[in-house]
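Descriptive analysis of the structure
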Amino acid sequence: MAGMGNAKHLKAGDAEPAPPAKDVLRVYGMEFCPYVERLKLVLAAKDIKHETVNINIQKKPDWFFQKNPRGTVPVIEKNGEILYESDITSEYVDEAYPGRRLRTSDPLQRAKEKIVLGDFMEVVSNYYALVKETDEGKRSFLTAAIKANLGKVENFLGNTPYFCGQRPGFTDYMIWPKLERILLFDPEFIKQNPKIESYCDRIGDDKAVKACRHPNQLLLQYFEGFKAGNPVYDIGTVE
Amino acid sequence: MAAMSNLRHLKRGEVEPPPPAQDVLRVYGMKFCPYVQRLKLVLTAKGIEHETVNINLAKKPKWFLAKNPRGKVPVIEKNGEILYESDITSEYVDEVYPGRRLRTLDPFRRAKEMIALGDFTEGMSGIYGFIQTSNDQKQNTHLIQARKGFAKFDKIMQTNAHPYLCGNQPGMTDYMIWPHLERIGATRPEILALYPAIQVYFGRMGEDDAVKACRHSDELHRQFIDGYKSRNWVYDLGTVEEYHFVSSTGGKLKSKM
């Protein structure tokens, strides 16, 4: 969707774009990156105006490493200042820009959300290992670990509609991009957890989620390329 | 040092301690764990009273896994609530207890600190690999990674306008970093010496009261790490103290079955 930016992905050899104009927030991203999507969800939820430059992350331009020596997206740039990492940039814009504060204010509740986010990220790491694993024994082990950690996520949701309580908040937006992908690529894992399943329906109505969501077909197309080791970034509408 | 607690490390088969008394903060730790030390530094810097239960991480009691299914320290427990992870617990106690706020308030500066912490952590994963393996080839790979991370961190410290990463006094990020620096200083000081800005920072942090309260001697660190290398972990090194739990009925409980 337009929220993720349709600009062509710049690659090695492409000229560096001019810096953003004064006070303009620029996001360096990749249209299908779930970590960029975290930041994009926060920006959309808070109506933070920004421009986007997309990067071909398989063939990164040299000038991109000058901005982030780690070479990862998302990166934000404003008035010559640069930050990177999805959690760091998301937390920064949530605090530095006006509008609804997405970060949970109660310290105990916030700590518990971070713990469940960690449990969910275990699911993600095991899931992406499973996708590439051919050994049956290891697949079995990874599948069991995924189910155990999804169980913790299921228990956390309990009776509250969102991870952050009555409205989607910071932790929801940190979780959603990868949850969206597991839901699409391996719905069985989600179907085994009724609260997570109904959460996925519910959060699909969120304004920010809708703004950043790709049509399933496009995401599947991207994922096929990714699995084969040949991701193609400029698919769908390209500007 | 005493702030890391000299209490004996409880292992599998030993009876679970009674829960902490009302409003008492308990830390489940391990005397030589750098991640526990992060939390201990924050608690010490803020003067937060707490009790400690040490855990034998090679033979974890089942009751400990019931508290933290990840099986790691530090864990905090108070009035039936449990939290874990060094960064999560440290941030939590910093916020809910009075005293100097260690977390940097300015969002941009804090974001920069988080990035610096990430660069330092990249170096650290190399260094722990380096310290803990005897395999020469692996050692070299680890050292290359360590040097990449430290080079970035050294560059940050060179241009840092303040004596500490967090400003004019050590703050949260300084305390997240210190335990790892202490261990490099104890085991591989020649690596620290390659990075002049890190070396200066190391000396400066060594003067901090909380750092001093939690610091082990170089010798004790080396002794512990030797056990790591031979996969023969010994936690009860140096002074060892016994527990004196009081049961909820008021009588004294033996801490061993």
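The shown structure was predicted, so the numbers you read here are calculated from the model rather than taken from an experiment.

Turning our attention to the packing of aromatic side chains. Using the criterion set out here, one finds 23 aromatic pairs over all chains in the structure. Ring geometry for Phe120(B) against Phe150(B): centres 5.7 Å apart, planes inclined by 50°, an arrangement best described as tilted. Remark: Phe150(B) occurs in helix H5 (residues 136-159) and Phe120(B) occurs in helix H4 (residues 107-132); sequence separation between them is 30 residues. Phe150(B) carries the same exposure label as Phe120(B), and that label is buried. Joined through ring pairs, the aromatic side chains of Phe32(A), Tyr127(A), Tyr128(A), Phe185(A), Phe189(A), Tyr222(A), Phe223(A), Phe226(A) and Tyr233(A) make up one cluster. The ring of Tyr128(A) has Lys178(A) sitting right over it, with the charged end atom 3.9 Å from the ring centre.

Moving on, we get to the confidence of the model for chain B. Looking at chain B, the pLDDT average stands at 91 and 95% of residues meet or exceed 70. Listed scores for the predicted complex are pTM 0.94 and ipTM 0.94.

Let us now look at the sheet that holds strand S2 (residues 51-54) of chain A. Residues and elements named next belong to chain A. Spatially, four strands are ordered S2-S1-S3-S4 in an open sheet, and the strand pairing comes out mixed. Among the strands making up the open sheet, the edge pair consists of S2 and strand S4 (81-84). Each strand axis lies, on average, 20° off the axis of its neighbour in the sheet, ignoring direction. Here four bridges tie strand S3 (residues 75-78) to S4, and the two strands are oriented antiparallel to one another. The residue of S4 that forms the bridge with Lys78 is Glu81.

Rules used throughout
- Residues numbered from 1 in each chain as written.
- Chains lettered and ligands numbered in written order.
- Predicted model: local features only at pLDDT ≥ 70, side-chain atom pairs only at ≥ 80, totals over all residues.
- Heavy atoms only, no water.
- Phe/Tyr/Trp six-rings, centres within 6.5 Å; stacked < 30°, edge-to-face > 60°.
- Helix = DSSP H or I, 4+ residues; strand = E, 2+ residues; numbered from the N terminus.
- Buried < 20%, exposed > 50% of the residue type's maximum accessible area, 1.4 Å probe, protein only.
- Lys NZ or Arg CZ within 6 Å of the ring centre and 35° of its normal.
- pLDDT = per-residue confidence, 0-100.
- Pairing = 2+ DSSP bridges.
- Axes fitted to C-alpha atoms, helices over the stretch in contact; angles between N-to-C directions.

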